[in-house]
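# Summary of the model geometry
One letter stands for each residue in the lines below.
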Amino acid sequence: MIKQKIMVCVTEQKTCERLIKKGIELTKDNDTEIFVLHVATKDIKVIEDPRAAEELEYIFEESKKYGASVTVLKSNDILKTLSKFAIENDIDYMILGETRLQNEKDSVIFKLRKELGTTKTQIEVVPLKSN
C-alpha cells in the first residue's frame, strides 16, 4: 500500500492542535506520515526570546501527541518554501488554517493553489472556529 503524506502548516500561534487534528482525521490507515511544518521569516533565537522558545516547544509537544514529525524552516518566501516542501516530499494533503483576509486572492491559500497547479497535493482549509 502507498503511504499517504499529510503536511500541516502551522504558525507561531497556539492554534496548531486543531490543524494537526484535521490531519489525523484525513488519515485512512496507519500507513500515513504527518509532517508539521513551520516557516520562520526571521531568525529563531530561542535562547534570547522566551516567547519563541515557548511557541516552538508547544508545536513540538502537540505534534508529538499525534506522532507527527516537526520541521522548522527559515525563509523570507513562505509561499515558495511551502510549495517546494510539498513537491519534494510528495505530499497528498496540505492542511492550512482559514485566512482572515477580506480578499481571498491576497491569501496564502489562494496563492498556494496557484503555485501548486496540477500537482497531486490537495489543500484542506480548517475554519477558524469549529462547529
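One can find the structure itself at the top, above this paragraph.
As a starting point, this report considers the structure included with it. (Residues numbered from 1 in each chain as written. Predicted model: local features only at pLDDT ≥ 70, side-chain atom pairs only at ≥ 80, totals over all residues. Heavy atoms only, no water.)

## Remarks on the packing of helix H3 (residues 78–88) against helix H4 (residues 108–116)
- Relative orientation of the contacting elements H3 and H4 amounts to 45 degrees, with a least axis distance of 10 Å. With respect to H4, the element H3 is oriented oblique. Between H3 and H4 lies a crossing whose hand is right-handed. Contacts from Leu79, Lys80, Leu82, Ser83, Ala86 and Ile87 in H3 reach Val108, Lys111, Leu112, Glu115 and Leu116 in H4.
- Residue composition of the contact of H3 with H4, grouped by class: seven nonpolar, one polar and three charged. (Axes fitted to C-alpha atoms, helices over the stretch in contact; angles between N-to-C directions. Helix = DSSP H or I, 4+ residues; strand = E, 2+ residues; numbered from the N terminus. Parallel < 35°, antiparallel > 145°, perpendicular 65-115°, else oblique. Left-handed = near helix turned anticlockwise from the far one by under 90°. Contact = heavy atoms within 4.5 Å. Nonpolar A, V, L, I, M, F, W, Y, C, P; charged D, E, K, R; others polar.)

## What about the packing of helix H1 (residues 16–26) against helix H2 (residues 50–65)?
- At a minimum axis separation of 10 Å, H1 and H2 run at an interaxial angle of 25 degrees. Judged by the inter-axis angle, H1 sits roughly parallel to H2. The chirality of how H1 crosses H2 is right-handed. Contacts between H1 and H2 pair Cys16, Glu17 and Ile20 from the former with Tyr58, Ile59, Glu62, Ser63 and Lys65 from the latter.
- Within the contact of H1 with H2, the residues separate by chemical class into four nonpolar, one polar and three charged.

## Looking at the packing of aromatic side chains
- Counted according to the given criterion, the structure contains one aromatic pair.
- On the numbers, 5.7 Å between centres and 80 degrees between planes, the contact of phenylalanine 35 with phenylalanine 85 is edge-to-face. Taken together, the residues phenylalanine 35 in strand E2 (residues 32–40) and phenylalanine 85 in helix H3 connect sequence positions 50 residues apart.
- Judged by relative accessible area, which is 10%, phenylalanine 85 ranks as buried. (Phe/Tyr/Trp six-rings, centres within 6.5 Å; stacked < 30°, edge-to-face > 60°. Buried < 20%, exposed > 50% of the residue type's maximum accessible area, 1.4 Å probe, protein only.)

## Description of H1
- Of the positions making up H1, those classed as buried are Cys16, Leu19, Ile20, Gly23 and Leu26. Here the buried residues of H1 occupy an arc of 110 degrees about the axis, which is enough to place them on one side.
- Those residues of H1 that are buried are in contact with strand E1 (4–10), E2, H2, strand E4 (93–97) and strand E5 (122–126). (Arc of directions from axis to C-beta.)

## A word on the side chain of serine 83
- As for its position among the elements, serine 83 is in helix H3.
- Looking at serine 83, the relative accessible area reads 3%, which means it is buried.
- Dropping the residues within four chain positions of it, serine 83 is found in contact with Leu112, Glu115 and Leu116.

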